[in-house]
Amino acid sequence: DAGITQSPRHKVTETGTPVTLRCHQTENHRYMYWYRQDPGHGLRLIHYSYGVKDTDKGEVSDGYSVSRSKTEDFLLTLESATSSQTSVYFCAISNPHRGGGYLQPQHFGDGTRLSIL
Amino acid sequence: AQTVTQSQPEMSVQEAETVTLSCTYDTSENNYYLFWYKQPPSRQMILVIRQEAYKQQNATENRFSVNFQKAAKSFSLKISDSQLGDTAMYFCAFMEGVGGNQFYFGTGTSLTVIP
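Now for a look at the structure at hand. (Residues numbered from 1 in each chain as written. Chains lettered and ligands numbered in written order. Predicted model: local features only at pLDDT ≥ 70, side-chain atom pairs only at ≥ 80, totals over all residues. Heavy atoms only, no water.)

What follows covers the overall build of chain A. In terms of regular secondary structure, chain A is built from 0 helices and 11 strands. From first element to last, N terminus to C terminus, chain A shows the α and β order β-β-β-β-β-β-β-β-β-β-β. Residues classed as buried in chain A amount to 50% of the 117 residues present. Counting only contacts in chain A whose residues sit at least 6 apart along the sequence, the fraction spanning at least 24 positions is 56%. Counting every atom, chain A has about 5,400 Å² of accessible surface; 45% of that belongs to carbon and sulfur. (Helix = DSSP H or I, 4+ residues; strand = E, 2+ residues; numbered from the N terminus. Buried < 20%, exposed > 50% of the residue type's maximum accessible area, 1.4 Å probe, protein only. Contact = heavy atoms within 4.5 Å. Areas by Shrake-Rupley, 256 points an atom, 1.4 Å probe, with all protein chains shown as cover.)

Set out below in structure tokens:
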């Protein structure tokens, strides 16, 4: 299994509080991603990173920010949590190779269940 | 943006039987990749099988195989000899081949294998 650790695994917090989720990898993969998973929506991309200090928005980025100061760590921050951000959050990593015809698929962490009351 | 559609929210199959999960996608790209992921109750996302669009041969991994119809933009997953451990949510995913770095997921199909 790919070395991806998400922390915390579970968190309950109140509306309006800041929340930071951490994703740590030991694979030295270039790309890191944050998804949220909600019933009826599958997985939706929040933000992703293609290198240290290089990040970009995904489909549902409003209300979230990210930072990547080291290759191995990708942080997701909810500056002021809202109940609509209650979800399961997944981190993923990949190291795409183009031109060679072989693509490393995304490997996922075990998820963080976040409940905002 | 690319879209991936899984039109079967729930399916069930008898143990040892064969089941097919459907997936369609919409893209104007010619070079791309398709994947099926499995998410059991443990919540882990596990890669089941992948297919490169430039390959005409359908991918196979043990009891799992795909029927890739590029012209129809269809990518179905066939599970043969279904086992109780196959009970899970299955997600179809798409990734662009050139310049692509995002995965697009379908909404999932919940598969139950009945003893």
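So much for the structure itself; the text now carries on.
In this section: the nonpolar core. Residue and element names in this part refer to chain B. Core analysis: the largest hydrophobic core is formed by 26 residues, its most contacted members being Tyr 25, Trp 36, Phe 75, Leu 77 and Tyr 90. For this core, the secondary-structure elements that each account for two or more residues are β3 (19-21), β5 (32-39), β6 (46-52), β8 (64-69), β9 (74-79), β10 (88-96) and β12 (109-114). Here this core gets 4 residues from one element, more than from any other, and that element is β10. (Core = buried A, V, L, I, M, F, W, Y, C linked by side-chain atoms within 4.5 Å.)

Residue and element names in this part refer to chain A. The final tally for this structure, using the stated rule, is 2 disulfides over all chains. Here Cys 23 is linked by a disulfide to Cys 91, with a sulfur-sulfur distance of 1.9 Å. Taking the sign of the S-S torsion, about -70° here, the bridge from Cys 23 to Cys 91 comes out left-handed. Of this pair, Cys 23 sits in strand β3 (residues 19-25) while Cys 91 sits in strand β9 (residues 87-94), and the two are 68 residues apart along the sequence. For the pair formed by Cys 23 and Cys 91, the shared burial category is buried. (Disulfide = S-S within 2.5 Å.)

Now for the layout of surface pockets. Size it by volume and the largest pocket reaches roughly 350 Å³. Every residue lining the largest pocket is counted, 19 residues in all, and those nearest its centre are A:Gln37, A:Asp38, A:Pro39, B:Gln39 and B:Met89. Classifying every residue of the lining of the largest pocket by side-chain character gives 8 nonpolar, 8 polar and 3 charged. (1 Å grid on protein atoms, 1.4 Å probe; cavity = no way out; pocket = protein on both sides within 12 Å on 5 of 7 lines; lining within 4 Å. Points joined across faces, edges and corners; volume = space filled by probe spheres on them. Nonpolar A, V, L, I, M, F, W, Y, C, P; charged D, E, K, R; others polar.)

Here the structure, examined in full by the defined rule, presents 7 salt bridges over all chains. The salt bridge partner of B:Glu52 is B:Lys55, with a shortest N-O separation of 3.9 Å. What makes B:Lys55 partly exposed here is its relative accessible area of 38%. B:Arg63 serves as the salt-bridge partner of B:Asp86, at 2.8 Å between the closest nitrogen and oxygen. In this pair, B:Asp86 sits in the loop between β9 and β10 while B:Arg63 sits in the loop between β7 (60-61) and β8, placing the two residues 23 residues apart along the sequence. Residue B:Asp86 shares its accessibility class with B:Arg63, and that shared class is buried. Each member of the salt-bridge network shares a partner with another, and the members are A:Arg22, A:Lys70 and A:Asp73. (Salt bridge = Lys/Arg side-chain N within 4 Å of Asp/Glu carboxyl O.)

Below, the discussion takes up the sheet that holds strand β8 (residues 73-78) of chain A. Where strands meet in a sheet, backbone hydrogen bonds hold them as pairs that are either parallel or antiparallel. All names here are of chain A. Across the sheet, 4 strands lie side by side as β1-β3-β8-β7; this open sheet has antiparallel pairing. Sheet topology places β1 (4-7) and β7 (65-70) at the edges, where each strand pairs with a single neighbour. Pairs of neighbouring strands in the sheet enclose a mean axial angle of 20°, with direction left out of account. Pairing between β7 and β8: 4 bridges, direction antiparallel. Considered in β8, the bridge of Ser 65 is made with Thr 77. (Pairing = 2+ DSSP bridges. Axes fitted to C-alpha atoms, helices over the stretch in contact; angles between N-to-C directions.)

Now for the packing of aromatic side chains. Taken as a whole and assessed by the stated rule, the structure comprises 20 aromatic pairs over all chains. Between B:Phe68 and B:Phe75, the ring centres sit 6.4 Å apart and the planes meet at 80°, which makes this aromatic pair edge-to-face. For the pair shown, B:Phe68 and B:Phe75 are each scored as buried. Ring pairing ties together the aromatic residues A:Tyr31, A:Tyr33, A:Tyr35, A:Tyr48, A:Tyr50, A:Phe90, A:Phe108, B:Phe35, B:Tyr37, B:Phe103 and B:Phe105, which thus form one cluster. (Phe/Tyr/Trp six-rings, centres within 6.5 Å; stacked < 30°, edge-to-face > 60°.)

Read these as layout, nothing more, since geometry by itself doesn't imply function.
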